[in-house]
Amino acid sequence: MSPDTGPIGNPLSSPGSATEFPARAPQRLAVSFEFSPPRTDAAEQTLWETVKRLTPLHPSFFSVTYGAGGSTRQRTHDTVARLKSETGIDAAAHLTCVAATQGEIDDIARAYWDAGIRHIVALRGDPPGGMGGQYTPHPGGYANAAALVAGLKKIGNFQISVAGYPEKHPASADEKADLENLKAKVDAGADRCITQFFFEAEDFLRFRDRAAAMGINVPIVPGIMPVSNFQSVNRIAGLCGSKVPPWFCNMFDGLDDDLETRRMIAATVAGDLCRRLRDEGVEQFHFYTLNRADLTFAICHLLGVRPK
């Protein structure tokens, strides 16, 4: 039992019962997986081993991130193109407003279109210094993600995913302003919202309800990050506005030198979070894989998403 989620359920329950273990449920969930473009030969080998392991789960799409300040632009393009050609699964390229003019960004988008890539994850992006730095629009560039979405729609009929923040973007004045920004992106043509990672199911469910009340009518997909390195995620969460609840900290207490146990706990906690969201009607999940397959594969297995 995790401190905020309760028991996963009795695996011996009769089929169809309210406490039925997720793995007994029919496969009806849609999943997608996010990768980062590799920077070294060893990282590239790890990435493609991960892709090979996750492809049989038939995800809706893969997505590939874009480094701060556009620092991985070419590697992102190459990785997306290879994913599309070698797996046949829809591949989405992250694209940001940072460090480029509108013309330069439009050229990148046209290159994706010409390469057969029809899905873009449109983001404002982190400043060149990384998360937590001061963002300033590039002279002659797109001012924000809503403007980027509108610009992409003029180039081609891209499927466009945008970001959402269950606990508010750090730069937003308040929750209302944050939701207004999301609505502007949807009104500009976004097809889907993928959220920042979070650890409390209630935070996502409140966000989903507030978005619906605001008239945001696109699918809102929870972003799930299985965490085995607590210190790392605690630092990232502080920069991107995700809270790390005390019960989560307690889960990893005393395990700094015990990677195996940390990974078992990570899969259990993330799997339980997904189970709770599934019980609340969520049928799509986006996993931040950190280019590793094992935790994500295990969680999908628990949810009944398995190779056909």
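Numbers given for residues are sequential positions, taken from 1 along each chain in its written order. Only residues with pLDDT of at least 70 are given local features in this predicted model, and only at 80 or more are side-chain atom pairs given and counted; all residues enter the totals for whole chains, interfaces and linings. Side-chain measures here rest on the full set of heavy atoms in the structure, leaving out hydrogens and waters.

1. What to know about unusual backbone geometry
With the exception of glycine, most residues fall at negative phi, and the peptide bonds are largely trans. Filter applied, for reference: Helix and strand assignments follow DSSP, with helices taken as H or I runs no shorter than four residues and strands as E runs no shorter than two, numbered in order from the N terminus.
Backbone geometry at Ala 99 places phi at a positive 60°, although glycine is not the residue there. Mapped onto the elements, Ala 99 comes out in the loop between strand S3 (91-96) and helix H3 (102-114). A positive phi angle, near 55°, is found at Leu 290, a position not held by glycine.

2. Describing the nonpolar core
Note the threshold: Side-chain atoms within 4.5 Å link the members of a nonpolar core, which is a set of buried Ala, Val, Leu, Ile, Met, Phe, Trp, Tyr and Cys residues. Residue exposure (1.4 Å probe, protein chains only): buried if accessible area is under 20% of the type maximum, exposed if over 50%, otherwise partly exposed.
Counting 62 residues, the largest nonpolar core has Phe 33, Leu 152, Ile 224, Leu 277 and Phe 287 as the members making the most contacts within it. With 5 residues, helix H6 (residues 201-213) is the largest single contributor of residues to this core.

3. Remarks on the sheet that holds strand S8 (residues 284-288)
Hydrogen bonding along the main chain pairs the strands of a sheet, whether they run parallel or antiparallel. Rules: Two strands are said to pair when DSSP picks up at least two bridges between them. Every axis corresponds to a line fitted to the C-alpha atoms, with the helix fit spanning only the stretch in contact, and the corresponding angles, defined between N-to-C directions, vary from 0 to 180 degrees. Working rule for contacts: check all heavy atoms of both residues, and any pair within 4.5 Å makes them a contact.
In spatial order, the strands read S1-S2-S3-S4-S5-S6-S7-S8; together these 8 strands close into a barrel with parallel pairing. Averaged over all pairs of adjacent strands, the angle between strand axes in this sheet comes to 30°, irrespective of strand direction. Bridge analysis of strand S7 (residues 220-224) against S8 gives 2 bridges, and the strand direction is parallel. Bridge assignment links Ile 224 to a residue of S8, and that residue is Phe 287. Sheet strands touched by H6: strand S5 (159-164), strand S6 (192-197) and S7. Its angle to S7, the strand with the most contacts, is close to 160°.

4. Observations concerning the pairing of S3
Using the following cut-off: A crossover gets the label right-handed when its path from the first strand over the helix to the second runs clockwise, viewed with the strands pointing away from the viewer.
A large share of S3 lies buried, amounting to 6 of its 6 residues. Alternating positions in S3 separate into two faces, Ala 91, Ala 93 and Leu 95 on one and Ala 92, His 94 and Thr 96 on the other, with burial throughout. Examined bridge by bridge, strand S2 (residues 61-64) and S3 share 3 bridges and lie parallel to one another. Bridge assignment links Val 64 to a residue of S3, and that residue is Ala 93. In this fold, the crossover linking S3 to strand S4 (residues 119-123) by way of H3 has right-handed handedness.

5. Some remarks on the packing of helix H2 (residues 73-87) against H3
We count it as follows: The scheme is simple: roughly parallel for angles under 35 degrees, roughly antiparallel for over 145, roughly perpendicular for 65 to 115, oblique for anything else. In this scheme the crossing of two helices becomes right-handed for a clockwise turn of the near helix relative to the far one and left-handed for an anticlockwise turn of less than a right angle.
The interhelical angle for the contact between H2 and H3, taken along N-to-C directions, is 15°, at an axis separation of 11 Å. Classified by the angle their axes make, H2 and H3 are roughly parallel. In terms of crossing hand, the pair formed by H2 and H3 is right-handed. Only Ile 108, Ala 111 and Tyr 112 of H3 make contact with H2, whose side of the interface consists of Arg 73, Thr 76, His 77 and Val 80.

6. Observations regarding the packing of aromatic side chains
Centre distance and the angle of the planes are the two values used to describe a pair of aromatic rings. Cut-off, in case you're wondering: Centre distance within 6.5 Å is the pairing criterion for rings of Phe, Tyr and Trp, where only the six-membered ring of Trp is used; planes under 30 degrees apart are then read as stacked, over 60 as edge-to-face, and the remainder as tilted. Remark: a charge is flagged as sitting over a ring if the NZ atom of Lys or the CZ atom of Arg is within 6 Å of the ring centre and within 35 degrees of the ring normal.
Within this structure, the stated rule accounts for 11 aromatic pairs. With 6.1 Å between their ring centres and 40° between their planes, Phe 230 and Phe 248 make a pair best called tilted. Within this pair, whereas Phe 230 is found in helix H7 (residues 230-240), its partner Phe 248 is found in helix H8 (residues 246-251), the two being separated by 18 residues in sequence. Of the residues examined, Phe 230 reaches a relative accessible area of 13% and is grouped as buried. Pairing Phe 248 with Phe 252 gives two aromatic rings, centres 5.2 Å apart and planes at 50°, and the pair type is tilted. The same class applies to Phe 248 as to Phe 252, namely buried. Taken together, the ring pairs in this structure connect Phe 197, Phe 199, Phe 230, Trp 247, Phe 248 and Phe 252 into an aromatic cluster. Taking the ring centre of Phe 297 as reference, the NZ or CZ of Arg 53 above it sits at 3.9 Å. The side chain of Arg 118 reaches across the aromatic face of Trp 113, ending 3.7 Å from its centre.

7. Considerations on H7
To keep things clear, this is the line we draw: Along the arc lie the directions from the helix axis toward the C-beta atoms.
For H7, the set of buried residues is Phe 230, Val 233, Ala 237 and Cys 240. An end-on view of H7 places all buried positions within 100° of arc, on one side of the element. Among the exposed residues of H7, those pointing more than 90 degrees away from its buried face are Gln 231, Arg 235 and Gly 238. Summarising the contacts, the buried residues of H7 are in contact with S6 and H8. Positive backbone phi, at 90°, marks Gly 241, one or two positions downstream of H7.

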